[in-house]
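# Architecture at a glance
Read off the chains here:
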Amino acid sequence: MPKTEKPSEKDNHEPKKLPIYKHKDKLVQAVKENSFLIVTGETGSGKTTQLPQYLYKAGLCRNGRIGVTQPRRVAAITVAQRVCQEMGVQLGEEVGYQVRFDDCSTKDTMIKYMTDGCMLREILADPGLSQYSIVILDEAHERSLNTDVLLGLLKKRLSKASRGHQAPLKVVVMSATLETEKLSSFYGNCPVFTIPGRTYPVKEKFCNLIGPKDKESSVYVKEVVKVTLDVHSSEAAGDILVFLTGQAEIEKACDMLFEKAETLNYRYDVHDRTVEGLLILPLYGSMPTDQQRQIFQPSPKGVRKCVVATNIAATSLTIDGIRYIVDSGFVKQLNHNSRVGLDILEVVPISKSEAQQRTGRAGRTAAGKCFRIYNKDFWDTCMPNYTIPEIQRTSLTSVILTLKCLGVHDVIRFPYLDCPEERFILTALKQLYQFDAIDRRGHVTPLGRLMVEFPLPPNLTRALLKAAALECEDIVLPVAAMLSVENIFIRPGKPEGQKEAEARHSEIAAFAGGSNDFLMLLCVFEKCRASDNPSAWCKEHWIHWRAVKSAFSVESQLRDILLRLKQRKDFPHEKFEGSKSELLRQCLCLGYFTNVARRSVGKSFCTMDGHGSSILIHPSSCLFGQELQLDWIIFHDVLVTSRVYVRTVCPIRYEWVMDLLPKLHEIDVYELSSVAREEVTDEEMVHWEKKEAAKRQAEAREDAARKLEKRNDESSITEARARYLERKQHRRRT
DNA sequence: GAGCACTGC
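Going by an unreviewed UniProt entry, chain A carries the name Probable ATP-dependent RNA helicase DHX40 and comes from Danionella cerebrum. As stated in UniProt under Catalytic activity (unreviewed entry), the record for chain A gives "ATP + H2O = ADP + phosphate + H(+)". According to the UniProt record, the Sequence similarities (unreviewed entry) comment for chain A is "Belongs to the DEAD box helicase family. DEAH subfamily."

## Notes on the sheet that holds strand β20 (residues 605–607)
Read around the barrel, five strands follow the order β19-β20-β21-β23-β22 and close on themselves; strand pairing throughout is mixed. Here the strands of the sheet are splayed against their neighbours by 50° on average, with no regard to which way each runs.

## A closer look at the packing of helix α19 (residues 495–511) against helix α20 (residues 517–530)
It is the contact of α19 with α20, at a shortest axis distance of 9 Å, that shows an interaxial angle of 100°. What the angle tells us is that α19 and α20 run roughly perpendicular. Residues H505, I508, A509 and F511 of α19 touch α20, and the partners they reach there are M520, C523, V524 and K527. The residue makeup of the contact of α19 with α20, split by class, is six nonpolar, one polar and one charged.

## Observations concerning the packing of aromatic side chains
Going through the model one piece at a time under the given rule, you end up with 13 aromatic pairs. Arranged with centres 5.0 Å apart and planes meeting at 70°, the rings of F414 and Y416 form a pair that is edge-to-face. Exposure remark for F414: the relative accessible area of 4% places this residue in the buried category. Taking the relative accessible area as the measure of exposure, Y416 reaches 8% and is therefore buried. Grouping aromatic residues by their ring pairs yields a cluster made of F206, Y220, F330, Y374, F378 and W379.

## Considerations on the pairing of strand β13 (residues 278–283)
The element β13 is largely enclosed, with a buried count of six among its six residues. Bridge count for β13 against strand β14 (residues 304–309) is six bridges, and the pairing is parallel. The residue of β14 that forms the bridge with L281 is V307.

## Brief notes about the environment of Y374
Within the secondary structure, Y374 is located in strand β18 (residues 368–374). By relative accessible area, which is 0% here, Y374 ends up buried. Between the C-alpha atom of Y374 and that of N208, which follows or precedes it by 166 residues, the distance is 4.9 Å. Setting aside residues up to four positions removed in sequence, Y374 forms contacts with F206, C207, N208, I210, D327, S328, G329, I350, A355, W379 and M383.

Cut-offs used in this document
- Residues numbered from 1 in each chain as written.
- Chains lettered and ligands numbered in written order.
- Predicted model: local features only at pLDDT ≥ 70, side-chain atom pairs only at ≥ 80, totals over all residues.
- Heavy atoms only, no water.
- UniProt positions renumbered as here; feature names shortened; annotations may be inferred.
- Pairing = 2+ DSSP bridges.
- Helix = DSSP H or I, 4+ residues; strand = E, 2+ residues; numbered from the N terminus.
- Axes fitted to C-alpha atoms, helices over the stretch in contact; angles between N-to-C directions.
- Parallel < 35°, antiparallel > 145°, perpendicular 65-115°, else oblique.
- Contact = heavy atoms within 4.5 Å.
- Nonpolar A, V, L, I, M, F, W, Y, C, P; charged D, E, K, R; others polar.
- Phe/Tyr/Trp six-rings, centres within 6.5 Å; stacked < 30°, edge-to-face > 60°.
- Buried < 20%, exposed > 50% of the residue type's maximum accessible area, 1.4 Å probe, protein only.

Quick look at the structure:
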């Protein structure tokens, strides 16, 4: 018997050899006996592929299918494929999957893998999830925004009314061995079922090269490079995975690895990027897919592979053969700052659980080592125990609208596993009110019901619905699609490419009229679609073809949704005559009046949202350099780096937003805080202005107005305020 | 005159 032989990949995944197999009967029993169950088990336990099969074979889905959610598309697809193979069935029949743009399931699908976002959409269409008997939320420890919303929604196991005569839904939450007690107590101290994992030990080492004060990119990149070369020269065979924060940093680190290696008298070859047996490969999301694929090719004999990656390698991509991790301790994270009303992308220390996750990437096929460049002091003082869940650090506008549409009116006391700050919820409500998606009482308006159907942020949805009402959706659909996919324009890291790319981009800008970034996106979309060879056209113009291609799919999806909604009798219609670009701008104004700014001193602008932040036009905008000729603008997003920049900008006329601006100050968070709690009765509505809240509200409002006036003592602002006061008076009278 | 992590509907 060849006992010494390493088990092959196939044997490794043999269902009966997985750790979960021994617990099969007990698991099935636990699901039968409990409405809620937490299952924990680390990577390799087999829970994702096996548990649904056990439940299916035990006849637990006679009255409805089993839905298994995943935070990522690829995971949903590949797991479904694997389970099909194991069961010997055709994909899309008994076992299937559903992700955006790709539904591989039928009415008879009994085990359905899907993204958490798809599950949320299904709940919107069928609040009782009547086709399901069991819902399994997988990877709950990742705490994705959608999973968190689902966790809360399923806590009530969906109201009896919405399930009709059906048996209540069973809920299984699967998570890595973190925070399982918290999950259990969230679901009324439900049982926790633990399955041992099957990973190899990874030795952790603090290299003590940076401490709490070293947060400069240049500092930690240098140390990361040093450690990586040390590992290469002193450790046994096995590939290295290095974690850094972004494209620029990764390219820099790769360059430094070559240079340093050279001074160490390594032979090195620029063309195949190898240095004395070290193959250096960058890896980040915006890299072309074929280049990404190189990462997975096994390195030639005697050559060590070194992948320098962003967090994409922490969960999304798994590279076999990694035995060493070099961890910088940092990550780039998008945080919503409700105090200034901005989303800020910033480099922050990772959490201890994230460090653990990175470490685990080295122990998938053999024992490994993890080198942390920071010291224990950094670990203790800078790194939080857990990553703040997404729901506590993103803008909640879409989430709140979804909840409201599902009949969750009290969005503050909704059962969140971790409550978002009240302020975040209130600003979301305020935004929804400004977009006419909810009324003063916090109830969803007919428009809000239309808005929730779109997989877009509310501002874009608002613009799109306005366009549809004006029968000019053809120009807004592509813009909305282009704005909701990854970055369209290629901006190379090296100076030579930069000039060429810039020249090509300004050609397009000129063609689009040279003074509107939104129109420029429309132009790229249309030109590319009209081209015989779109991918070549993109390459020639330094445009990401992958992004435009997905914009094409998004556009047609949005178009389908719009067509469906237009059948509704209450779909709004309006009339407007004007040029194409004027029409576009008018629609955009309705979606972006919360992002209006007016030029103040020199090239800077001042936002009108009440925060009165000072902003600049980003150099990548086609309006950069034309600031002095501009007065009012709207913008799509904000980038905070050395200064506060806005990108994707459109000049507007004051008249277009004049009637909308007062809406920004008409209602404030104090008013909404009671609305949010549904504490306001009809009577209270009448008296409530006399209350303390009203006083604070008035003060806050006047304060905001004072600040606004101080910054813009132009007649137009005073005019806007006068109109607002007039309306308010009017409202009081009626 | 600067530079965008990663997901998802």
